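Reading the structure
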Amino acid sequence: VAGVIDAVGDGKDSAYDTYTIQSASLSVAKAMTLLCDPVNGSTNPKNIPGAYVQYAITITNSGTAAATLSQITDALQTQLTADPLLISGSGAGTNCAPGIGSLSASGFGALRGAGVVTSYAAPGLAGQNVTAGALVAGQNVTIDFTTLAGTAYGAVNATLSTNSYVTVYFNAFVQ
């Protein structure tokens, strides 16, 4: 109100400024891919008892500031049992047994990247298994980003930069 310059000489003055507020903007997406079943193998598999499905949980930060992730828990349906190995689903013929075509000794894989996720394809390499930070307790799958580690995931780091994502993969057996 007093003006930018005190031309009147009354000691009153005003100041104007702008503030840019930055924040993370997180979104979570869950995708399911049917890997194989005991009748059709990996050729046109069906979601029937004995089938394997792969879940991909992706957290994307489209905001203007980095986000610090902590934990995420996903409750599996009672018809599912988590697979202790991350399998590719490339079992020969109709063999859809645990460990056939295994990608890792762990039941999880994790990848991070820049931009927007356009594919929820499995990590695909044994070196991309998660070695810490992911566990199954009963029907709950918990990912702890403060301890998540794996060769494809990179160093243990719970920070999700702007315009980036992290995807965690795990498989389940349909009962």
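Residues numbered from 1 in each chain as written. Predicted model: local features only at pLDDT ≥ 70, side-chain atom pairs only at ≥ 80, totals over all residues. Heavy atoms only, no water.

1. Examining the environment of I87
- Along the chain, I87 turns up in the loop between strand 5 (80–82) and strand 6 (108–114).
- According to the relative accessible area criterion, I87 is buried, its value standing at 1%.
- Sequence spacing of I87 and Y52 is 35 residues, and the spatial spacing of their C-alpha atoms is 8.8 Å. (Helix = DSSP H or I, 4+ residues; strand = E, 2+ residues; numbered from the N terminus. Buried < 20%, exposed > 50% of the residue type's maximum accessible area, 1.4 Å probe, protein only.)

2. Description of the sheet that holds strand 4 (residues 71–75)
- Taking strand neighbours across the sheet as the criterion, the three strands line up as 4-9-8 in an open arrangement whose pairing is antiparallel. Each of the sheet's edge strands pairs with one partner strand only, and the pair in question is strand 4 and strand 8 (134–137). Strand-to-strand twist in this sheet, taken as the mean axis angle between neighbours without regard to direction, amounts to 20 degrees.
- Here strand 4 runs beside strand 9 (residues 140–144); their pairing, made up of five bridges, is antiparallel. Bridge pairing in strand 9 links T73 to T142. (Pairing = 2+ DSSP bridges. Axes fitted to C-alpha atoms, helices over the stretch in contact; angles between N-to-C directions.)

3. Describing the packing of aromatic side chains
- Inspection of the entire model under this criterion finds three aromatic pairs.
- On the numbers, 5.4 Å between centres and 55 degrees between planes, the contact of Y52 with F173 is tilted. Placement of the pair is Y52 in strand 2 (residues 52–61) and F173 in strand 12 (residues 164–174), with a sequence separation of 121 residues.
- By relative accessible area, Y52 is classed as buried at 2%.
- Each ring, one from F108 and one from F170, has its centre 6.0 Å from the other, and the planes form 50 degrees; the classification is tilted. Taken together, the residues F108 in strand 6 and F170 in strand 12 connect sequence positions 62 residues apart.
- What makes F108 buried here is its relative accessible area of 6%.
- Here F170 falls in the buried class, since its relative accessible area comes to 2%.
- Within the aromatic cluster, the residues linked to one another by ring pairs are Y55, F108 and F170.
- Here the guanidinium or amino end of K30 rests over the ring plane of Y55, the centre of that ring lying 4.6 Å away. (Phe/Tyr/Trp six-rings, centres within 6.5 Å; stacked < 30°, edge-to-face > 60°. Lys NZ or Arg CZ within 6 Å of the ring centre and 35° of its normal.)

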